[in-house]
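The lines below spell out each chain.
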Amino acid sequence: MLPIYIEGSPQFESTLSALRTRGTGDLANVTPAVTEIIDNVRRGGTSAVLGYIEKFERRTSKALVRHAGPEAEGGFGGAEALARLPPEVRAALETAAARIARYHERQRDAGDLGPASVTANGPALQAGFSYEEEGVLLGMRVRPLRRVGVYAPGGKARYPSSVLMSALPARIAGVQEIVLASPSADDATLAAAHLSGVTTLLDSGGAQAIAALAYGLPELAPVDKIVGPGNAYVACAKKLVFGDVSIDGITGPSEILALADESADPRLVAADLLSQAEHDEASYALLATTSAKLAEAVARELDAALPELTRRAIVEASLSTHAAALVVGSRARLAEIADQLAVEHVAFHVADAEGLFSEIGTLGAALLGDLTPVAAGDYLAGPSHVLPTGGSARFGAPLGVYDFVTRASLIRYSGAALRTQGPIIEKLALAEGLQAHARAVSLRLASKAIDPAKRGTSQS
Ligand SMILES: NC(=O)c1ccc[n+]([C@@H]2O[C@H](COP(=O)([O-])OP(=O)(O)OC[C@H]3O[C@@H](n4cnc5c(N)ncnc54)[C@H](O)[C@@H]3O)[C@@H](O)[C@H]2O)c1
Ligand SMILES: [Zn+2]
């Protein structure tokens, strides 16, 4: 199931170049259908969404929009759903939620949502910075977004873990209203919504859910940003509504690149590859190794494990179309290949994993050492599992608190500063032919307000 390519062979080069341009999936063939869904939801509102739920999800939604709170009061009943879960599942979800929240609190405090550093006579900022330079107050204010939409998939499988991984960073950032869109949420999904501070549940999936989040419904105000993974319809809809709202990025099928040397345990390498191959027929399970012998051993372990897998059909489809082992001549080449492919998950099955990690500039999440299963990052460790796929780690980042902020800059001139800098502003404006800009400066320079003798106190 694992084709092996040796560096130097023509197949190696063609495989590597195909992998470099794998992209986040082909959205062109769903674009016409998704465009029509979005238009119809904008025109038809709630009844259009309900119609698409019947058509694509083959069910009727009893309550399309529900807020946090007990079922008896019309709420989505997250606390009740949590209480209904088997105790060990409940405890696992609570542990995951606590770990993910703690990680994102660190991320908030380390980033520009951390404590503000402000100059004494500037405005109060919750987060950001301000300073004075030559009579000019300058600064950046950072605030959480007001309303965000979180998509959690619910087509072929349900992902309560994705609810935690998307909604908790938003809550820790300070977002007041978090709308979760997920088709026919089960108890675990509702419980995860409760643990993540979700304020509203939209009982819909697909492009119709994205359109409802972006443009609103009579019973649902539009959101400012939509985040979270989904299938091609969801990804395409996010792309099409971008501009009217913000989005986190386009997430394609899950991917893993295992980097291994001759010291790696082929059974564990194979186990990591299989754990990502079971997500989707379109998932990529890739191995880059300095040892041809290891590649052959991993191939044998994959074949041996297949019969015991419950999602064997998906795994086989993924491996037969998207798996590859690349055998290279040196450790430096492992780093170069990882850099070129910019993969979502990179599992380091090598001696000195930290050393190799520091040589790689682009990846989504690094799983360091063979005691770190990718599954730990998917479920429990702390960082969000919503990660850039399809090579978008070149410019993307894991979903984080920084995805849920707006920034504003602030500027305040004193009279002395405008006297010094006004003529420069005028020259720049006139050089662009924008005379009214220059006039807005010269009027002030000529006014009484700028003359400290006539005005009393100055702020310089
Ligand atoms: N990267 C991550 O963190 C992560 C996490 C979980 C899931 N995923 C991925 O998300 C994806 C989830 O896909 P899914 O399909 O299971 O669920 P989904 O919720 O993304 O999509 C289901 C929706 O698709 C719509 N749909 C289905 N067929 C349609 C059609 N013919 N026309 C129009 N709309 C249609 C329906 O409205 C349905 O509600 C998978 O690829 C999975 O691997 C990624
Ligand atoms: Zn996974």
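Only a predicted model underlies this, so the values are computations on that prediction, with no experimental measurement involved.

(A) View of helix H7 (residues 206-215). Judged by how many residues are buried, H7 sits mostly within the fold: 9 of 10 residues are covered. Packing partners of the buried residues in H7 comprise helix H2 (31-57), strand S5 (147-151), strand S6 (177-181), strand S7 (200-202), strand S8 (225-227) and helix H8 (232-241). Looking one or two residues beyond H7, the residue adopting positive phi is Gly-216, at roughly 80°.

(B) Representation of the coordination of the zinc ion (ligand 2). Within the protein, Gln-276 (OE1), Gln-276 (NE2), His-279 (NE2) and Asp-378 (OD) serve as the donor atoms for the zinc ion (ligand 2), at 1.8 to 2.6 Å. The coordination sphere of the zinc ion (ligand 2) comprises 4 donor atoms, whose angles at the metal cover 53 to 142°; the geometry is irregular. Judged by its relative accessible area of 0%, Gln-276 falls in the buried class. By relative accessible area, which is 29% here, His-279 ends up partly exposed.

(C) Molecular detail of the packing of aromatic side chains. Applying the stated criterion to the full structure yields 3 aromatic pairs. Ring plane angle 0° and centroid distance 5.6 Å describe the contact between Tyr-52 and Phe-56, whose orientation is recorded as stacked. Pair noted here: Tyr-52 and Phe-56 are both in helix H2, with a separation of 4 residues, about one helical turn. A residue is classified by how much of its surface remains accessible, and Tyr-52, at 10% relative accessible area, is buried. Pairing Phe-129 with Tyr-131 gives two aromatic rings, centres 6.3 Å apart and planes at 20°, and the pair type is stacked. Looking at Phe-129, the relative accessible area reads 35%, which means it is partly exposed. A residue is classified by how much of its surface remains accessible, and Tyr-131, at 35% relative accessible area, is partly exposed. A cation over an aromatic ring shows up here: Arg-42 above the ring of Tyr-215, its NZ or CZ 3.9 Å from the ring centre.

(D) Just a nonpolar patch on the surface, in detail. Taken together, the side chains of Ile-411, Tyr-413 and Ile-425 define a hydrophobic patch exposed on the protein surface, amounting to about 280 Å² of accessible area. Take Tyr-413: its relative accessible area is 36%, and that puts it in the partly exposed class.

(E) Inspection of the nonpolar core at higher detail. Residues Val-148, Leu-164, Ile-178, Leu-180 and Phe-404 are the most contacted members of the largest nonpolar core, which totals 42 residues. The element contributing the most residues to this core is helix H5 (residues 160-173), with 8 residues. When residues no more than four places from it in sequence are discounted, the contact partners of Leu-180 are Val-150, Ala-152, Val-163, Thr-189, Ala-193, Val-198, Thr-200, Leu-201 and Leu-202.

(F) Spatial organisation of the sheet that holds strand S12 (residues 324-327). Spatial ordering of the open sheet is given by S1-S12-S11-S10-S13-S14, a layout of 6 strands whose pairing is parallel. The open sheet terminates on both sides in strands that have one partner only, identified here as strand S1 (4-6) and strand S14 (365-368). Neighbour to neighbour, the strand axes of the sheet diverge by 20° on average, direction disregarded. Where strand S13 (residues 345-349) and S14 come together, 4 bridges link them in parallel fashion. Its bridge partner being in S14, His-345 is matched across the sheet by Ala-365.

(G) Quick peek at the packing of helix H4 (residues 87-110) against helix H6 (residues 187-195). Two elements in contact, H4 and H6, have axes whose closest approach is 10 Å; the angle formed by their N-to-C orientations is 35°. Taken as a pair, H4 and H6 cross one another with a handedness that is right-handed. Of H6, the residues touching H4 (which contributes Leu-93, Glu-94 and Ala-97) are Ala-188, Ala-191, Ala-192 and Leu-195.

(H) Geometry of the domain arrangement of the chain. Here the chain is described as being made up of domain 1 (4-25 + 252-382), domain 2 (28-106 + 145-251) and domain 3 (414-455). The straight-line distance from the C-alpha centre of domain 2 to that of domain 3 is 51 Å.

Parameters and conventions
Residues numbered from 1 in each chain as written. Chains lettered and ligands numbered in written order. Predicted model: local features only at pLDDT ≥ 70, side-chain atom pairs only at ≥ 80, totals over all residues. Heavy atoms only, no water. Buried < 20%, exposed > 50% of the residue type's maximum accessible area, 1.4 Å probe, protein only. Helix = DSSP H or I, 4+ residues; strand = E, 2+ residues; numbered from the N terminus. Contact = heavy atoms within 4.5 Å. Donors = N, O, S within 2.8 Å, 3.2 Å for Na, K, Ca; no water. Tetrahedral: all angles 85-135°; square planar, octahedral: opposite > 155°, others 65-115°. Phe/Tyr/Trp six-rings, centres within 6.5 Å; stacked < 30°, edge-to-face > 60°. Lys NZ or Arg CZ within 6 Å of the ring centre and 35° of its normal. Patch = residues over 30% accessible without salt bridge, like charges linked within 9 Å, V, L, I, M, F, W, Y side chains within 5 Å. Areas by Shrake-Rupley, 256 points an atom, 1.4 Å probe, with all protein chains shown as cover. Salt bridge = Lys/Arg side-chain N within 4 Å of Asp/Glu carboxyl O. Core = buried A, V, L, I, M, F, W, Y, C linked by side-chain atoms within 4.5 Å. Pairing = 2+ DSSP bridges. Axes fitted to C-alpha atoms, helices over the stretch in contact; angles between N-to-C directions. Left-handed = near helix turned anticlockwise from the far one by under 90°. Domains from an automatic or database assignment.

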